Amino acid sequence: MQHKQNLTNEIFRKLIHLSSIWVPLSLLFIPINFMQAVFFTLALSLTLFDTLRISKKPIGQKIRKFLNKIKLNFIYREHEINNLSGATYMMISAAFCSFIFDAEIFIISFSVLIISDTLAAIVGKSIGKRPIYNKTLEGSLTFFISSLIISEILYIFLLQKIGYSLTILIIASAFTTLVELYSKKLKTDDNLSIPISFGLILLIYKYFMHYN
């Protein structure tokens with residue numbers, strides 16, 4: 001019964017996570033310069049909210065009581081109860097990545113974060129049988145395969161003109177899968193480590209393609 005409840009909570013959390021697909025999709029229609037301001041504003045606002053939420057002052061107690069009253073306290077994992085939430089880290093990551101990556105790299109990196117991380121978590125929690133570094137082999141394989149498929153699809157429609165190859169997408173997917181696998185050991189949040197890892201591989205490749 002407890003496992004079923006945990007799985008239900010995880011699926012609900014990941015559906016919320018999946019709804020963040022608007023973050024990369026927004027750059028298909030809106031200039032990145034404008035979205036930088038949006039991401040920065042949201043990151044600042046969510047950081048302020050979390051700071052107040054975890055505060056021991058009366059306002060923090062009121063926020064936690066309210067979240068519990070409307071039954072939304074379960075969206076916070078155990079390590080987020082007294083820390084920044086995943087949503088906050090995602091906006092911080094979006095603000096950071098929008099300044100160091102171009103729109104194309106941002107779109108593919110954040111699509112991998114949102115879709116692959118969601119699929120990996122659901123598969124790992126539901127049918128994962130082989131534990132590996134607080135994750136499951138099934139979840140990690142799901143992450144790798146889905147990230148490769150997502151990046152290949154986006155490559156066809158967005159990135160081909162820049163000269164990305166299938167080989168570099170495989171390397172980026174494999175590297176990011178390892179980063180995701182060891183994220184707890186590295187003490188980093190997936191919302192930061194996944195898009196930055198994937199994006200940096202593409203950025204390095206683009207740099208060498210440009211200067212060679």
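Structure: above.
Residues numbered from 1 in each chain as written. Predicted model: local features only at pLDDT ≥ 70, side-chain atom pairs only at ≥ 80, totals over all residues. Heavy atoms only, no water.

### A short note on the packing of helix H5 (residues 86-100) against helix H6 (residues 103-127)
Thinking step 1. Following both chains from N to C, one finds H5 and H6 inclined at 160 degrees, their axes separated by 11 Å at the closest point. As summarised for this structure, H5 and H6 are arranged roughly antiparallel, according to the angle between their axes. As for how H5 packs across H6, the hand of that crossing is right-handed. For the pair formed by H5 and H6, the contact residues are Met-90, Ser-93, Ala-94, Cys-97 and Ser-98 on the first element and Phe-106, Phe-110, Leu-113 and Ile-114 on the second.
Thinking step 2. Residues of the contact of H5 with H6, tallied by class, amount to seven nonpolar, two polar and no charged. (Axes fitted to C-alpha atoms, helices over the stretch in contact; angles between N-to-C directions. Helix = DSSP H or I, 4+ residues; strand = E, 2+ residues; numbered from the N terminus. Parallel < 35°, antiparallel > 145°, perpendicular 65-115°, else oblique. Left-handed = near helix turned anticlockwise from the far one by under 90°. Contact = heavy atoms within 4.5 Å. Nonpolar A, V, L, I, M, F, W, Y, C, P; charged D, E, K, R; others polar.)

### Some words on the side chain of Ser-173
Thinking step 1. Mapped onto the secondary structure, Ser-173 falls in helix H8 (residues 166-181).
Thinking step 2. Beyond its immediate sequence surroundings of up to four residues, Ser-173 is in contact with Phe-144, Ser-147, Leu-148, Ser-151 and Phe-198.

### Remarks on H5
Thinking step 1. For H5, with 15 residues, the first-to-last C-alpha span of 21 Å sits near the 21 Å given by 1.5 Å per residue.
Thinking step 2. All of the buried residues along H5 are Gly-86, Thr-88, Tyr-89, Met-90, Met-91, Ser-93, Ala-94, Ala-95, Cys-97 and Ser-98. (Expected span 1.5 Å × (residues − 1). Buried < 20%, exposed > 50% of the residue type's maximum accessible area, 1.4 Å probe, protein only.)

### What about the environment of Ala-37?
Thinking step 1. Relative to the helices and strands, Ala-37 is located in helix H3 (residues 32-53).
Thinking step 2. In this structure Ala-37 comes out as partly exposed when scored by relative accessible area, which is 44%.
Thinking step 3. The spatial distance from the C-alpha of Ala-37 to the C-alpha of Ala-95 is 7.9 Å, given a sequence separation of 58 residues.

### Considering the pattern of salt bridges
Thinking step 1. Across all of its chains, the model carries five salt bridges by this definition.
Thinking step 2. A salt bridge links Asp-102 to Lys-206, with the shortest nitrogen-to-oxygen separation between them at 2.3 Å. Pair noted here: Asp-102 is in the loop between H5 and H6 and Lys-206 is in helix H10 (residues 190-210), with a separation of 104 residues, a long-range link.
Thinking step 3. The partner of Arg-130 in a salt bridge is Glu-138, and the shortest N-O contact between them spans 2.6 Å.
Thinking step 4. Given a relative accessible area of 14%, Glu-138 falls into the buried group.
Thinking step 5. In this structure, a network of salt bridges that share partners links the residues Lys-135, Glu-180 and Asp-190. (Salt bridge = Lys/Arg side-chain N within 4 Å of Asp/Glu carboxyl O.)

Geometric values such as these leave the question of function open.
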